[in-house]
Amino acid sequence: MKVAVVGATGLVGSEMLTVLAERDFPITELIPVASERSKGKEIEFKGKKYKVVTPAEAIALKPDVALFSAGGGTSTEYAPLFANAGITVIDNSSAWRMDPSKKLIVPEVNGDILTATDKIIANPNCSTIQMVVVLKPLHDKYKIKRVVVSTYQSVTGTGVKAVQQLNDERAGIEGEKAYPYQIDMNVIPHIDVFQENGYTKEEMKMIKETNKIMQDDSIKVTATTVRIPVVGGHSESVNIEFENEFEVDELRRVIAAQDGVLIVDNPANLEYPMPRDAHGKDEVFVGRIRRDESQPKTVNLWIVADNLRKGAATNAVQVAELLAKKNLIG
Ligand code: A2P
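Rules behind the numbers
- Residues numbered from 1 in each chain as written.
- Predicted model: local features only at pLDDT ≥ 70, side-chain atom pairs only at ≥ 80, totals over all residues.
- Helix = DSSP H or I, 4+ residues; strand = E, 2+ residues; numbered from the N terminus.
- Rg over C-alpha atoms; globule rule 2.2 N^0.38 Å.
- Buried ≥ 20, exposed ≤ 12 C-beta atoms within 10 Å, placed from the backbone.
- Expected span 1.5 Å × (residues − 1).
- Bend = angle between axes of the 7 residues up to and from the residue.
- Near = placed C-beta within 6 Å.
- Nonpolar A, V, L, I, M, F, W, Y, C, P; charged D, E, K, R; others polar.
- pLDDT = per-residue confidence, 0-100.
- Core = buried A, V, L, I, M, F, W, Y, C linked by C-beta atoms within 7 Å.
- Domains from an automatic or database assignment.
- Contact = placed C-beta atoms within 7 Å.
- UniProt positions renumbered as here; feature names shortened; annotations may be inferred.
- Pairing = 2+ DSSP bridges.
- Axes fitted to C-alpha atoms, helices over the stretch in contact; angles between N-to-C directions.
- Parallel < 35°, antiparallel > 145°, perpendicular 65-115°, else oblique.
- Left-handed = near helix turned anticlockwise from the far one by under 90°.

Q: Whenever I open this one, the overall build of the protein confuses me. Can you help?
A: Along the backbone of the protein there are 10 helices and 14 strands. Taken over C-alpha atoms, the radius of gyration comes to 20 Å for the protein, in line with the 20 Å a tight globule of 330 residues would show. Along the longest, intermediate and shortest principal axes, the C-alpha atoms of the protein span 60 × 50 × 45 Å. Looking at the protein as a whole, 44% of its 330 residues qualify as buried.

Q: Would you mind going over helix 5 (residues 126–142) with me for this structure?
A: Three or four residues apart is the spacing at which side chains of an α-helix point the same way, because the helix has 3.6 residues per turn. In this model helix 5 runs 25 Å from its N-terminal to its C-terminal C-alpha over 17 residues, within 8% of the 24 Å that 1.5 Å per residue would give. Largest kink in helix 5: about 30 degrees, centred on Val-132. Counting buried residues in helix 5 gives 15 out of 17 residues, a clear majority hidden from the surface.

Q: Even after reading the chapter, I still don't get the site of the ligand, so can you show me in this structure?
A: Inspection of the region around the ligand gives 16 residues, with Gly-10, Ser-35, Ser-38, Ala-70 and Gly-159 positioned closest. Class assignment of the residues belonging to the shell around the ligand gives a composition of 6 nonpolar, 9 polar and 1 charged.

Q: How do you make sense of the confidence of the model for the protein when you look at a structure like this?
A: Residues shown with low pLDDT carry predicted positions that ought not to be read at fine detail. Averaged over every residue, the pLDDT of the protein is 98; residues scoring 70 or more account for 100%. The complex model carries a pTM of 0.97, and its ipTM stands at 0.98.

Q: Would you explain unusual backbone geometry in this entry?
A: Excluding glycine, most residues fall at negative phi; most peptide bonds, likewise, are trans. Not every positive phi belongs to a glycine, and Met-185 is a case in point at roughly 55 degrees. Relative to the helices and strands, Met-185 resides in the loop between helix 6 (160–171) and helix 7 (201–214). In this structure, Arg-288 takes a positive phi of about 50 degrees despite not being glycine. Within the secondary structure, Arg-288 sits in strand 13 (residues 284–291). With 15 C-beta atoms packed within 10 Å, Arg-288 lands in the partly exposed category.

Q: I would appreciate a short explanation of the nonpolar core in the present structure.
A: Side chains of nonpolar character tend, in soluble globular proteins, to be buried together. If you look at the biggest cluster of nonpolar residues, it comprises 80 residues, and the most contacted ones within it are Met-16, Val-33 and Val-134. Looking at which domains feed residues into this core, each of domain 1 (2–124 + 312–325) and domain 2 (127–307) gives three or more. With residues up to four places along the chain from it excluded, the contact list for Val-134 reads Ile-255, Gln-258, Val-261, Val-284, Val-286, Leu-301 and Ile-303.

Q: Sorry if this is basic, but what is going on with the UniProt feature "binding site: substrate" (unreviewed entry) in the protein here?
A: Sequence positions flagged by UniProt for "binding site: substrate" (unreviewed entry) are, in local numbering, Gln-153 and Arg-227. With the annotated positions falling across 75 residues, the maximum pairwise C-alpha distance of 4.7 Å places them together in a single cluster. Take Gln-153: there are 24 C-beta atoms within 10 Å of it, and that puts it in the buried class. Position of Arg-227 among the secondary structure elements: in the loop between strand 10 (220–224) and strand 11 (234–242).

Q: Hey, could you run me through the UniProt feature "binding site: phosphate" (unreviewed entry) in the protein in this one?
A: Here the UniProt-annotated "binding site: phosphate" (unreviewed entry) positions come out as Arg-97. Secondary-structure assignment places Arg-97 in the loop between strand 6 (88–91) and strand 7 (103–104). The class for Arg-97 is buried, based on 22 C-beta atoms found within 10 Å. Excluding residues within four positions of it along the chain, Arg-97 makes contact with Leu-104, Ala-122, Pro-124 and Glu-209.

Q: Please explain the sheet that holds strand 13 as it appears in this structure.
A: Read across the sheet, 6 strands follow the order 10-9-11-14-13-12 without closing on themselves; strand pairing throughout is mixed. A single partner strand is all that each edge strand has here, and the edge strands are strand 10 and strand 12 (261–263). Each strand of the sheet is rotated relative to its neighbour by a mean of 25 degrees, with strand direction disregarded. Judged from the 5 bridges that link them, strand 9 (residues 144–152) and strand 10 form a sheet pairing that is parallel. Of the residues in strand 10, the one forming a bridge with Arg-146 is Lys-220. Contacts from helix 5 reach strand 9, strand 11, strand 12, strand 13 and strand 14 (298–305) within the one sheet, and its direction differs from that of strand 11 by about 25 degrees.

Q: Help me out: how do you make sense of the packing of helix 5 against helix 8 (residues 248–256) in this one?
A: Between two packed helices, the angle of one axis relative to the other and the distance separating the axes together describe the packing. The geometry of helix 5 relative to helix 8 is characterised by a closest axis approach of 9 Å and an angle of 130 degrees between their N-to-C directions. Judged on the interaxial angle alone, helix 8 and helix 5 are oblique. You can see that helix 5 and helix 8 cross each other, and the crossing is right-handed. The segment helix 5 lies against helix 8, with Val-134, Pro-137, Leu-138 and Lys-141 engaging Leu-251, Val-254 and Ile-255. Its residues assigned to classes, the contact of helix 5 with helix 8 shows 6 nonpolar, no polar and 1 charged.

This is how it looks when you write it as structure tokens:
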């Protein structure tokens with residue numbers, strides 16, 4: 001298969017290349033794509049060098065599938081042009097996620113709804129992906145009424161500039177700022193832009209995308225999303241109220257049985273998920289599993305994943321793998 005990676009010079013794009021190589025995705029030809037600025041730059045993939053091309057040049061090279069992570073503007077402009085040329089697009093930006101004619105896919109949750117007519121498939125928001133992977137089997141078993149989530153998000157979610165800001169601040173260098181405030185030694189309760197209702201766009205993504213992916217608008221979700229000075233991954237404190245009663249031991253087994261999820265939960269040995277440990281891994285890690293003693297039928301979880309991996313690159317590659325397996329590409 002001919003595979004284009006649009007945004008190949010970016011943080012998520014380069015992680016996509018790593019994941020494609022690691023998982024041995026059946027690539028006959030790689031087409032790395034970035035802006036005019038990067039044209040001609042060489043990218044190494046599985047020991048071979050490939051020259052970066054622009055999106056327009058990539059369409060002419062007729063890849064079978066294109067993984068996009070080059071920002072919403074690039075996706076809005078180019079994804080339809082790729083799709084019209086018969087190229088299946090898996091888009092990591094937020095451009096198409098809430099479009100009713102586009103599917104928003106986490107393979108373990110709703111991969112079964114993909115069909116051959118899906119030419120632009122949206123990859124959800126990083127914080128949403130790691131949460132819904134865990135919510136899905138719990139919803140099937142106990143029916144979720146309401147979710148209250150607070151996030152602790154890595155600077156890698158903002159891109160190269162944000163990682164540079166953190167490194168500059170640590171080194172005492174005055175540099176370009178990705179955030180309105182210092183991020184090192186700080187916590188910023190503000191991700192993406194503020195909306196009229198007082199929530200940020202990141203918070204509204206977690207709410208709306210969860211309902212869409214779970215295919216159930218009756219699940220109530222409220223979110224507070226927060227940036228912290230960490231690079232390894234996103235962490236989330238998630239409080240879930242169910243319709244039905246549960247036993248903690250059984251609930252653990254339900255979570256453990258979910259594909260791609262690992263439980264790390266042994267307080268006696270000080271074992272719980274942390275972004276340092278999740279970094280570079282494809283799994284979603286769950287710990288601190290305990291009953292909420294303030295309210296019936298409610299549980300508290302701590303969920304951690306590498307936001308560049310399962311939160312972005314790995315999920316996109318898994319969608320491509322699923323499409324290939326179902327013969328839905330081309
Ligand atoms: P470039 O390196 O040429 O600017 P990040 O979010 O980590 O900063 O990465 C953004 C990615 O999106 C980069 O690979 C960047 O390429 C790419 N990109 C930005 N604008 C465009 C564009 N107009 N067309 C194609 N790729 C783009």
